[in-house]
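Examining the three-dimensional arrangement
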Amino acid sequence: MTGATDSGSPSTPYVQGVRESRTYETRPPAPVGLVFVSRDPNASEGAAATRVTVECQYDADDKPPPKRAAADVFAVLPSSPELLTLYATTLRSDIVFGWYAEDVTLYAVSSLLQRQEGYRWAVGKHEKLLPGWNADWVVIGDVMGGDPIIAAPKERGTPLYWAMHGAGKWKPVLAAASLAQGAEALAAWLDVFRGEYKGNISDKDFVPRPDAVKAIKSKVAKIVGAGAVSPWLPS
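Residues numbered from 1 in each chain as written. Predicted model: local features only at pLDDT ≥ 70, side-chain atom pairs only at ≥ 80, totals over all residues. Heavy atoms only, no water.

Time to look at the side chain of Glu-82. Tracing the backbone through its elements, the reader meets Glu-82 in helix α2 (residues 81-89). On the basis of relative accessibility, which here comes to 10%, the residue Glu-82 falls in the buried class. (Helix = DSSP H or I, 4+ residues; strand = E, 2+ residues; numbered from the N terminus. Buried < 20%, exposed > 50% of the residue type's maximum accessible area, 1.4 Å probe, protein only.)

Following this line, the structure appears as structure tokens:
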């Protein structure tokens, strides 16, 4: 699997450099930078972490969570340096943005434990793992309130997986080799969705336009690789 730098040159599967921040029409209506951090697995010890920013929105009245909040949450859930940094510095509230005919929600640290219910735990019963759920998975978001976006903090770089609910058992599909790569792919997706197509990538019957899907596939595949591009396309 290969990624890409901002210049488009091939690289190992992690993101290099800081991508230009951008603002899109998302809910609630005030900007925040989502900062994803990853490390080059081949870099020398002590090398600087990669920071990739995707600018979305949050409620202007929200306050940043206390720094201890992320540590408290990840004393219960599996953690990684990438997840701890993400939740200690950003995601002040749940962030929602359009995704084809659905919405995607990324969870705030304040709601992260509760948001594991129905996936990791039964509602109100956090003592026992639900059958079929991997103890090393953390749900950090969802598509249309059901299909989970899963981080795997025990794997190098904290890869992202997407899964479909209602299939009988969880079969996560790789979406990005790391959180940083996932942020870069999200930025590319938004470039097409909000930039090139102004949020209008579906026809009057809410069917995604083939030209828009082709443009998204081309940009995202350069980042995550052809084997991980399917979660970024309409189901």
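So, next bit.
To continue, consider the pairing of strand β8 (residues 147-151). The element β8 is largely enclosed, with a buried count of 5 among its 5 residues. Burial along β8 is two-sided: the residues Asp-147, Ile-149 and Ala-151 and Pro-148 and Ile-150 are all buried. Relative to β8, strand β7 (residues 138-143) is paired through 5 bridges, and the arrangement is antiparallel. Across the sheet, Gly-141 pairs through a bridge with Ile-149, a residue of β8. (Pairing = 2+ DSSP bridges.)

Applying the stated criterion to the full structure yields 3 salt bridges. We note a salt bridge from Lys-219 to Glu-196, for which the minimum N-O separation is 3.0 Å. You can see Lys-219 sitting in helix α5 (residues 210-224) and its partner Glu-196 sitting in helix α4 (residues 179-196), a full 23 residues away along the chain. Residue classification places Lys-219 among the partly exposed residues on the basis of a relative accessible area of 32%. Asp-205 serves as the salt-bridge partner of Lys-204, at 3.6 Å between the closest nitrogen and oxygen. Grouping residues by exposure puts Lys-204 and Asp-205 together as exposed. (Salt bridge = Lys/Arg side-chain N within 4 Å of Asp/Glu carboxyl O.)

The subject of this paragraph is the packing of α4 against α5. Axis separation between α4 and α5 bottoms out at 9 Å; the angle between their running directions is 160°. It follows that α4 is roughly antiparallel to α5 by the angle criterion. Judged by the sense of rotation from one axis to the other, the crossing of α4 with α5 is right-handed. Residues Gln-181, Glu-184, Ala-185, Ala-188, Trp-189, Asp-191, Val-192 and Glu-196 of α4 form the contact with α5, whose own contacting residues are Ala-212, Ala-215, Ile-216, Lys-219, Val-220, Ile-223 and Val-224. Along the lines of polarity and charge, the residues of the contact of α4 with α5 split into 10 nonpolar, 1 polar and 4 charged. (Axes fitted to C-alpha atoms, helices over the stretch in contact; angles between N-to-C directions. Parallel < 35°, antiparallel > 145°, perpendicular 65-115°, else oblique. Left-handed = near helix turned anticlockwise from the far one by under 90°. Contact = heavy atoms within 4.5 Å. Nonpolar A, V, L, I, M, F, W, Y, C, P; charged D, E, K, R; others polar.)

It is worth stressing that arrangement in space is one thing and function is another; only the former is reported here.
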